[in-house]
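Fold and geometry: a report
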Amino acid sequence: MVSRVIPVDPFDLVVFGGTGDLARRKILPALYQRFCAGQVPDDAQIIGAARSDLNDDGYRKLAADALVEFGKADDPGAADVHAFLARLRYVQLDARGDAGWPELRDLLPEDRVRAFYLSVAPSLFGDLAERIRGHGLATDQARVVVEKPFGHDLASARALNRSLADHFDESQIYRIDHYLGKETVQNLMAIRFGNLLFEPLWNSRYVDHIQITVAETVGVGGRGEYYDRAGAMRDMVQNHMMQLLCLIAMEPPARFQPDEVRDEKLKVIRALKDVGLQDVVRGQYAAFARDGADHPSYRDAVGDAASTTESYVAIKAEIENWRWIGTPFYLRTGKRLMARSSVIEVVFKDTPYSIFGADAGDNANVLSIRLQPNEGITLEVTIKEPGPGGMRLINVPLDMSFSTALGEREPVPDAYERLIMDVIRGNQTLFMRGDEVEAAWAWTDPIIDGWEDRGDRPEPYDGDSAGPTAAEKLIANDGRVWRAIRP
Ligand code: BG6
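In this report, we go over the structure that sits alongside the text.

Rules used in this analysis
- All residue numbers refer to position in the chain's written sequence, counted from 1.
- Owing to the predicted nature of the model, reporting of local features is limited to residues with pLDDT of at least 70; listing and counting of side-chain atom pairs is limited to 80 or more, with chain, interface and lining totals taken over all residues.
- Derived side-chain values reflect all non-hydrogen atoms in the structure, with water molecules and hydrogen atoms excluded from consideration.
- Put simply, DSSP H or I for four residues or longer makes a helix, DSSP E for two residues or longer makes a strand, and each gets a number counted from the N terminus.
- Put simply, the radius of gyration uses C-alpha atoms, and a globule should come to 2.2 Å times the residue count raised to 0.38.
- Only protein chains enter the calculation, and the probe is 1.4 Å; a residue is then buried if its accessible area is under 20% of its type maximum, exposed if over 50%, and partly exposed in between.
- Note on contacts: a residue pair qualifies if any of its non-hydrogen atoms lie within 4.5 Å across the two residues.
- Using a 1.4 Å probe, the Shrake-Rupley method yields the accessible areas, and only the shown protein chains count as cover for residues.
- One bridge is not enough; two strands pair if DSSP finds at least two bridges between them.
- Whether a crossover is right-handed depends on one test, that the path from the first strand over the helix to the second runs clockwise when the strands point away from the viewer.
- For this description, a residue counts as near a given molecule or strand if any of its non-hydrogen atoms is within 4 Å of it.
- Here a polar contact means two N or O atoms within 3.5 Å. Within protein one must be a hydrogen donor candidate and the other an acceptor candidate, and residues neighboring in sequence count only if both atoms are side-chain atoms.
- Helix axes are fitted to C-alpha atoms over the stretch in contact, other axes to C-alpha atoms as well, and angles between N-to-C directions run from 0 to 180 degrees.
- Take the buried Ala, Val, Leu, Ile, Met, Phe, Trp, Tyr and Cys residues and link them wherever side-chain atoms come within 4.5 Å; each set so joined is a nonpolar core.
- To count toward a patch, a residue needs a relative accessible area above 30% and no salt bridge. Like charges then connect within 9 Å, nonpolar side chains (Val, Leu, Ile, Met, Phe, Trp, Tyr) within 5 Å.
- For this analysis, a salt bridge means a side-chain nitrogen from Lys or Arg found within 4 Å of a carboxyl oxygen belonging to Asp or Glu.

Examining the overall build of the chain
When helices and strands are tallied, the chain shows 14 helices and 17 strands. Its C-alpha atoms give the chain a radius of gyration of 24 Å, near enough to 23 Å, the size a compact globule of 487 residues would have. Seen through its C-alpha atoms, the chain measures out along the principal axes to roughly 80 × 55 × 50 Å. When each of the 487 residues of the chain is scored for burial, the buried share is 53%. Here the contacts in the chain between residues at least 6 apart in sequence split such that 77% fall between residues at least 24 apart. Only carbon and sulfur atoms are counted for the fraction: they give 51% of the accessible area of the chain, which is about 21800 Å².

Next up, the structure:
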């Protein structure tokens, strides 16, 4: 198949925290893949910057190991790994002092794109931004990339935004939500705005409700300390789930341009109704056995027998605008659930009147957009159940898996590959704007404050289940049911 790789001009990418977990797991493997695809030009430089006492060779060794452990390289000695490593440099640097900065400046040629990836704790964003500017590195072509967690609440997100805005223009700031880099998440816009078919039905007149599920089978793993301070609400809802909600609910932007798209997403967040505590369920997973192995409870995993942090949350959200008033959006996400499945399910209303009689059976269409795994679309269509006995209706799936439909192609790039190259190209469409992040916190903060003020405890749920029973009641109160969580 013909490669669609669009070449980019030579660039410099400085990864602060270049020896850290994110750099090893995601950033370096993503850059290696782009290199293999021919997108990293010969004189591009990838510069690791961190406190560790390393030189270029030491950093290249660390990177080679990371490419094998977390990336797609089989052999750290392979020719393409070797060629990629030649583009790597290392600077030992102090984020809170001046050591190493002159050396970094000497490595960076003027007059070409330079991106500073702040793959460090958010408490260092301000210090780094200040030193990048102070050491004369913030040229017009400079960009700064930051990761979640972008704040812990509205006040801290505002403070982070200010600390970046003191040194960079908003057009230079790239806030990553890796969900936006997923092919299937971008596909939500293609499905909605590339087909005539859906738009006329995409409103509360025809849509009964929408379910957005991000179910994981993994637990909190080694991230207990961070996670126990965050919980599912801050870790998943404030960012990834909100982005999915925005893409599903937003008005068509006039053009597929960064601010046009982000303006429309922001309008959705601002139209969200305040959520009462009766419309929120929190859960925490209990110990369980799977495939003969025992798995610890959430509390054991985070080492706090009294933790009240949620590993599951379900919310009934409502958007107060002309398109969506009257159509609830049920969001749920959790760890240690029965299957890994991220899916958006648009449940249409029943036909206005059944000519076959009330007993003929179900006739509500459901459009399921599977984001991961088994990416694809299913449309449940009503047909006649074959055989005698009159007109009995059943729903059957019109099922499409993207991998079958697209046939053999180059492997789908990881979200980070797309996002890092968008930074280099200067395209902010798939990055969160400062006001968007703040609006998302402004919606989530009162929900979190509400349960903290009341001293609510999350309901325990069995690992390998669909979540706490209170979540069933949340949706049953409206006469609806959750769709099954399927891998
Ligand atoms: C991260 C969260 O942002 O997203 C994790 O911090 C979560 O807790 C992860 O597991 C899910 O990402 P993905 O790409 O595996 O769906």
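What about the pairing of strand β5 (residues 142-146)?
Among the 5 residues in β5, 5 count as buried, and that is most of the element. Burial along β5 is two-sided: A142, V144 and V146 facing one way and R143 and V145 facing the other are all buried. Examined bridge by bridge, strand β4 (residues 114-118) and β5 share 5 bridges and lie parallel to one another. Of the residues in β5, the one forming a bridge with Y117 is V145. Note that the unit made of β4, helix α5 (residues 125-134) and β5 has a crossover that is right-handed. As defined by bridge partners, β5 adjoins strand β6 (residues 173-175) across 3 bridges and the pair is classed as parallel.

Here we look at the site of the ligand
Around the ligand sit K148, H178, Y179, K182, E216, R223, D235, M236, H240, K335 and Q372, and that is every residue in its neighbourhood. Here an oxygen atom of the ligand sits 2.5 Å away from a polar atom, N or O, in the side chain of Y179. For the ligand, whose free accessible area comes to 400 Å², the fraction covered by protein is 79%. A per-element tally of the shell around the ligand places helix α8 (residues 224-249) first, with 3 residues.

Overview of the sheet that holds β5
Taken together, the 6 strands give an open sheet; going across it, the order is β3-β2-β1-β4-β5-β6, and neighbouring strands pair in parallel fashion. With one partner strand each, in any of the chains shown, β3 (88-92) and β6 form the two edges of the open sheet. Taking the axes of each pair of neighbouring strands and ignoring which way they run, one obtains an average angle of 20° across the sheet. One ladder, built from 5 bridges, connects strand β1 (residues 12-16) with strand β2 (residues 45-50); its direction is parallel. Considered in β2, the bridge of V15 is made with G48. The strands touched by α5 within the sheet are β1, β4 and β5, with β4 carrying the most contacts at an inclination of about 160°.

What to know about the sheet that holds strand β15 (residues 376-384)
Taken in spatial order, the 9 strands line up as β16-β15-β14-β13-β7-β12-β11-β8-β17 in an open sheet, and their pairing is mixed. Pairing within the sheet leaves two strands with one partner each, and these edge strands are β16 (393-401) and β17 (459-461). Neighbour-to-neighbour, the strand axes of the sheet open up by a mean angle of 20°, direction not taken into account. Sheet analysis places strand β7 (residues 207-215) next to strand β12 (residues 329-334), joined by 6 bridges and oriented parallel. From the neighbouring strand, V214 faces β12, where its bridge partner is T333. Docked against the sheet, α8 engages β7, β11 (312-317), β12, β13 (341-348) and β14 (366-372), running at close to 140° with respect to β12. Those strands touched by helix α14 (residues 469-476) are β7, β8 (280-285), β11, β12 and β17, and its axis lies near 10° from that of β11.

Comments concerning the nonpolar core
Ranked by size, the top nonpolar core spans 145 residues in total, and within it F16, L104, L118, F329 and W443 carry the most contacts. The leading source of residues in this core is α8, at 13 residues. With residues near it in sequence (within four places) discarded, F329 still touches I210, L245, I248, A249, I315, K316, A317, I319 and W324.

Points about a nonpolar patch on the surface
On the surface, Y353, I355, F356 and M391 cluster together into a nonpolar patch covering about 470 Å² of accessible area. Considering the arrangement of structural elements, one finds M391 in the loop between β15 and β16.

What to know about the pattern of salt bridges
Following the criterion strictly, the structure yields 39 salt bridges and no others. Ionic pairing is found between D21 and R25, a salt bridge with its closest N-O pair at 3.1 Å. In this pair, D21 and R25 are both assigned in helix α1 (residues 21-36), 4 residues apart and thus about one turn of the helix distant. With a relative accessible area of 45%, D21 lands in the partly exposed category. In this structure, the salt-bridge partner of E199 is R323, at a minimum N-O distance of 2.9 Å. Taken together, the residues E199 in the loop between α7 (183-194) and β7 and R323 in the loop between β11 and β12 connect sequence positions 124 residues apart. Classification of R323 by relative accessible area gives buried; the value is 11%. Taken together, the shared-partner salt bridges connect D259, R262, D263, R433 and D435 into one network.

Here we look at the pairing of β11
Most of β11 sits inside the fold, with 6 of its 6 residues counted as buried. Burial along β11 is two-sided: Y312, A314 and K316 and V313, I315 and A317, pointing in opposite directions, are all buried. Bridging between β8 and β11 involves 4 bridges; their strand directions are antiparallel. The partner of V280 across the bridge, within β11, is I315. Pairing between β11 and β12: 6 bridges, direction antiparallel. Bridge pairing in β12 places A317 opposite F329.

A short note on the environment of R205
Mapped onto the fold, R205 is located in the loop between α7 and β7. Classification of R205 as exposed rests on a relative accessible area of 63%. For the pair R205 and L118, spaced 87 residues apart in sequence, the C-alpha to C-alpha distance is 45 Å.

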